[in-house]
Amino acid sequence: MAKDKQEIIFKRFEQADNSDLARRQGTGLGLAISNRLVHMMDSEIELQSELGKGSIFGFHVTLELAQDQEEVKKAEDHPLNVEGKRILIAEDNELNMEIITTILKDYKVIVESVYNGQEALDKIKASAPGYYDLIFMDIMMPVMDGLEATKEIRRLSRRDCQEIPIIAMSANAFDEDVKKSLASGMNGHLSKPIDLAKLEEVLLLISS
């Protein structure tokens, strides 16, 4: 691809090929999501490209050693099965929403998305009791933030609204932020970028 196109393809909703066919076949989010995921692993995507010949993408990551046998046994004792579970995600950042949705769909859950706390509250009110199994709630959102939305959900006179796990998602991981999340009625706090091991610990709450 041309040199000037190489500088934009990692941006959201951008494509090197602006033809009608390319727009119909993709959203321009694939490389942006891939780049964010690689950044979460402390690396960067490298690109080598020559117009008319082709492109090579690559990256290097440092990974931890495999779990020892004791850890593997613990994991086997608590198998993760969340297929068909319904999760509501409240997140105002489109790229963050795309990433967490993509990750969760690998676990074969059903994901529903809203973009502020008021929309999350409205979804819960309109749903049948027990419709949702878990809520991931961003903290900083327009219209109504995640803390206030959680308080309002807990105030609803339905048993499921008192019992459903609500997990905070926030770039802030200070003790004070965690305390605010728990005080609002949330059950836990996940820091961004999402740690997959901690995500699975949360999913165990709804595992069959």
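This structure is a prediction, so every number in the text was calculated from the model and none was measured.

**Brief notes about unusual backbone geometry**
Okay, step 1: Along the chain, lysine 192 connects to proline 193 via a cis peptide bond; the corresponding omega equals -5°.
Okay, step 2: Structurally, the position occupied by proline 193 is in the loop between β7 (188-191) and α10 (196-203).
Okay, step 3: Even without glycine at this site, lysine 108 takes up a positive phi of about 65°.
Okay, step 4: Structurally, lysine 108 can be placed in the loop between α5 (94-105) and β4 (110-114).
Okay, step 5: Even without being glycine, valine 143 reaches a positive phi, approximately 70°.
Okay, step 6: Mapped onto the fold, valine 143 is located in the loop between β5 (134-138) and α7 (146-155).
Okay, step 7: Judged by its relative accessible area of 71%, valine 143 is exposed.

**So, empty space enclosed by the protein**
Empty space left among the atoms is revealed by rolling a probe the size of a water molecule over them.
Okay, step 1: As enumerated under the stated definition, the model contains one cavity of 30 Å³ or more in all.
Okay, step 2: Lining of the largest cavity is provided by Ile124, Ser127, Tyr132, Arg158, Asp160, Cys161 and Ile164.
Okay, step 3: Residues of the lining of the largest cavity, tallied by class, amount to four nonpolar, one polar and two charged.

**Focus: the layout of surface pockets**
Okay, step 1: The calculated volume of the second largest pocket comes to roughly 360 Å³.
Okay, step 2: Lining of the second largest pocket is provided by Leu37, Met40, Met41, Thr102, Ile103, Asp106, Pro193, Ile194, Asp195, Leu196 and Ala197.
Okay, step 3: Among the elements of the structure, α3 (30-40), α5 and α10 are those that each provide at least two residues to the lining of the second largest pocket.
Okay, step 4: Its residues assigned to classes, the lining of the second largest pocket shows eight nonpolar, one polar and two charged.

**Considering a negative patch on the surface**
Okay, step 1: Together, Glu64, Asp195, Glu200 and Glu201 line one region of the surface with negative charge.
Okay, step 2: Among the secondary structure elements, aspartate 195 is positioned in the loop between β7 and α10.

**Notes on the sheet that holds β5**
Okay, step 1: Read from one edge to the other, the open sheet built from five strands follows the order β4-β3-β5-β6-β7, with strand pairing classed as parallel. Each edge of the open sheet carries a strand with a single partner, namely β4 and β7. Taken over all neighbouring pairs, the strand axes of this sheet differ in orientation by 20° on average, direction set aside.
Okay, step 2: Two strands pair when backbone bridges link them, and strand β3 (residues 86-90) and β4 are joined in this way by five bridges, in the parallel orientation.

**What about the pattern of salt bridges?**
Close approach of charged atoms allows side chains with opposite charge to pair.
Okay, step 1: Per the counting criterion, the structure on display carries nine salt bridges.
Okay, step 2: The partner of glutamate 148 in a salt bridge is arginine 155, with the nearest N and O atoms 3.8 Å apart.
Okay, step 3: Connected through shared salt-bridge partners, Arg86, Glu112 and Lys123 make up one network.

**Points about the nonpolar core**
Okay, step 1: Ile87, Ile89, Leu104, Leu134, Phe136, Leu199 and Leu203 are the most contacted members of the largest nonpolar core, which has 24 residues in total.
Okay, step 2: When residues of this core are traced back to their parent elements, those giving at least two are α3, β3, α5, β5, β6 (166-170) and α10.
Okay, step 3: For this core, the leading source of residues is α5, giving six residues.
Okay, step 4: Apart from residues no more than four positions distant in its own chain, isoleucine 87 is found in contact with Leu104, Val109, Ile110, Val111, Glu112, Tyr132, Leu134, Phe136, Leu203 and Ile206.
Okay, step 5: Formed by 21 residues, the second largest nonpolar core is a distinct cluster that contains Leu121, Leu147, Leu156 and Cys161.

Reading the values: the criteria
Residues numbered from 1 in each chain as written. Predicted model: local features only at pLDDT ≥ 70, side-chain atom pairs only at ≥ 80, totals over all residues. Heavy atoms only, no water. Helix = DSSP H or I, 4+ residues; strand = E, 2+ residues; numbered from the N terminus. Buried < 20%, exposed > 50% of the residue type's maximum accessible area, 1.4 Å probe, protein only. 1 Å grid on protein atoms, 1.4 Å probe; cavity = no way out; pocket = protein on both sides within 12 Å on 5 of 7 lines; lining within 4 Å. Points joined across faces, edges and corners; volume = space filled by probe spheres on them. Nonpolar A, V, L, I, M, F, W, Y, C, P; charged D, E, K, R; others polar. Patch = residues over 30% accessible without salt bridge, like charges linked within 9 Å, V, L, I, M, F, W, Y side chains within 5 Å. Areas by Shrake-Rupley, 256 points an atom, 1.4 Å probe, with all protein chains shown as cover. Salt bridge = Lys/Arg side-chain N within 4 Å of Asp/Glu carboxyl O. Lys, Arg positive; Asp, Glu negative; His and termini not counted. Charge placed at Lys NZ, Arg CZ, Asp CG, Glu CD. Pairing = 2+ DSSP bridges. Axes fitted to C-alpha atoms, helices over the stretch in contact; angles between N-to-C directions. Core = buried A, V, L, I, M, F, W, Y, C linked by side-chain atoms within 4.5 Å. Contact = heavy atoms within 4.5 Å.

From the geometry alone we can't say anything about function, so treat these as descriptive.
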